[in-house]
Amino acid sequence: NIVGFGWDQQWDKDRRLFAYLPFEHSEHIVDQREALRLIAQLDDPELLDFAQKHFDIIDKFGRFPHRNAVLGRQSRDDEAEAIEMGKNW
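In this report, we go over the structure that sits alongside the text. Please read all numbers here as calculations on a predicted model, not as lab measurements. (Residues numbered from 1 in each chain as written. Predicted model: local features only at pLDDT ≥ 70, side-chain atom pairs only at ≥ 80, totals over all residues. Heavy atoms only, no water.)

Scanning the model with the defined rule gives one aromatic pair in all. Between Phe5 and Trp7, the ring centres sit 4.9 Å apart and the planes meet at 20°, which makes this aromatic pair stacked. Among the residues examined, Trp7 registers a relative accessible area of 46% and is labelled partly exposed. One cation-aromatic arrangement involves Arg15 over Trp11; the distance from NZ or CZ to the ring centre is 4.4 Å. (Phe/Tyr/Trp six-rings, centres within 6.5 Å; stacked < 30°, edge-to-face > 60°. Buried < 20%, exposed > 50% of the residue type's maximum accessible area, 1.4 Å probe, protein only. Lys NZ or Arg CZ within 6 Å of the ring centre and 35° of its normal.)

Mapped onto the fold, Ser26 is located in the loop between α1 (13-24) and α2 (29-40). The class for Ser26 is buried, based on a relative accessible area of 9%. Looking at Ser26, its side chain comes within polar contact range of the main-chain nitrogen of His28, at 3.1 Å. Discounting residues that sit within four places of it in the chain, Ser26 has contacts with Asp31, Gln32, Ile58 and Phe64. (Helix = DSSP H or I, 4+ residues; strand = E, 2+ residues; numbered from the N terminus. Polar contact = N/O pair within 3.5 Å; in protein donor to acceptor, adjacent residues only side chain to side chain. Contact = heavy atoms within 4.5 Å.)

Note that every value here comes from positions in space, so none of it alone points to a role or purpose.
Right, dumping it as structure tokens:
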């Protein structure tokens, strides 16, 4: 893969971020950790903050609660409460 072979290191910041977004949008915690590692290399605090927020959601819920309705998943009590409080990430 692109990251595994290090090919991404030759690209500009925008192209690298595009390659890293699947990690950031994954519901797997291992992918989230990889997103944090990769995006930290871009040396952009705002991008890293977004990646951290994605990580925190998966770390807390194990999935993105805002996807529940479209995926036909039942929201758990803690997820529904988070969504109601305006944390619809």
